[in-house]
Amino acid sequence: MNEVSRLVVWVRGRVQGVGFRWFTRARALEIGGLSGFALNLDDGRVQVVAEGPRAGCQSLLDWLQGDDTPGRVDGVTEIWDTPRGVYDGFAIR
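Here's a quick rundown of the structure. (Residues numbered from 1 in each chain as written. Predicted model: local features only at pLDDT ≥ 70, side-chain atom pairs only at ≥ 80, totals over all residues. Heavy atoms only, no water.)

### Some words on helix α2 (residues 54-65)
Then comes step 1: End to end, α2 covers 16 Å across twelve residues, agreeing with the expected 16 Å (1.5 Å per residue, within 8%).
Then comes step 2: The complete set of buried residues in α2 reads Gly56, Cys57, Leu60, Leu61, Trp63 and Leu64. The buried residues of α2 occupy one face: seen down the axis, they fall within an arc of 160°.
Then comes step 3: Packing partners of the buried residues in α2 comprise β1 (4-14), α1 (20-31), β3 (46-53) and β4 (72-81). (Helix = DSSP H or I, 4+ residues; strand = E, 2+ residues; numbered from the N terminus. Expected span 1.5 Å × (residues − 1). Buried < 20%, exposed > 50% of the residue type's maximum accessible area, 1.4 Å probe, protein only. Arc of directions from axis to C-beta. Contact = heavy atoms within 4.5 Å.)

Right, dumping it as structure tokens:
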């Protein structure tokens, strides 16, 4: 599970205005080896893109789907893809 992966996630619920992006970035940095971003979307969702070791991406996904996130997560949609390698660190957008 050391392959490099790209994970794109859309998180639905009460995830804006509650520090969700900040905590997502903090979790990605805690996991280590991940780059990407967390972005508020106009429709109220948060998009998270993470690239790095598949195990790290999976750990971030598990956290996003868990009960330890700020706000309230009603649903998570994910897509696994080939990494693009264009991100420097993990940003809040």
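### Overview of the packing of aromatic side chains
Then comes step 1: Within this structure, the stated rule accounts for three aromatic pairs.
Then comes step 2: With 5.0 Å between their ring centres and 85° between their planes, Trp22 and Phe23 make a pair best called edge-to-face.
Then comes step 3: Judged by its relative accessible area of 52%, Trp22 falls in the exposed class.
Then comes step 4: Summarising the aromatic geometry, the rings of Phe37 and Tyr87 are spaced 5.6 Å apart at their centres and angled 65° between planes, so their arrangement reads as edge-to-face. A residue pair is termed long-range when its members are at least 10 positions apart, and Phe37 in strand β2 (residues 35-40) and Tyr87 in the loop between β4 and β5 (90-92) qualify at 50 residues.
Then comes step 5: Looking at Phe37, the relative accessible area reads 6%, which means it is buried.
Then comes step 6: When its relative accessible area of 18% is taken as the criterion, Tyr87 is described as buried.
Then comes step 7: Cation over ring: Arg54 sits above Trp80, and NZ or CZ is 3.9 Å from the ring centre. (Phe/Tyr/Trp six-rings, centres within 6.5 Å; stacked < 30°, edge-to-face > 60°. Lys NZ or Arg CZ within 6 Å of the ring centre and 35° of its normal.)

### Overview of the environment of Arg21
Then comes step 1: Considering the arrangement of structural elements, one finds Arg21 in helix α1.
Then comes step 2: Residue classification places Arg21 among the partly exposed residues on the basis of a relative accessible area of 24%.
Then comes step 3: Residues contacting Arg21, with those up to four places away along its chain left out, are Ala38, Leu39, Asn40, Val46, Ile92 and Arg93.
Then comes step 4: Side-chain polar atoms of Arg21 contact the side chain of Asn40, separated by 3.5 Å. (Polar contact = N/O pair within 3.5 Å; in protein donor to acceptor, adjacent residues only side chain to side chain.)

### Some remarks on the pattern of salt bridges
Then comes step 1: Counted according to the given criterion, the structure contains five salt bridges.
Then comes step 2: Residues Asp68 and Arg27 are paired through a salt bridge, measuring 3.5 Å at the closest nitrogen-oxygen approach. Separated by 41 residues along the polypeptide, Asp68 in the loop between α2 and β4 and Arg27 in helix α1 bring together distant segments of the chain.
Then comes step 3: Notably, a salt bridge pairs Arg45 with Asp43, separated by 2.8 Å at the nearest N-O pair.
Then comes step 4: The class of Arg45 is partly exposed, set by a relative accessible area of 26%.
Then comes step 5: Here the residues in one salt-bridge network are Arg27, Glu30 and Asp68, joined through shared partners. (Salt bridge = Lys/Arg side-chain N within 4 Å of Asp/Glu carboxyl O.)

Scope: geometric values only; no functional claims are made or implied.
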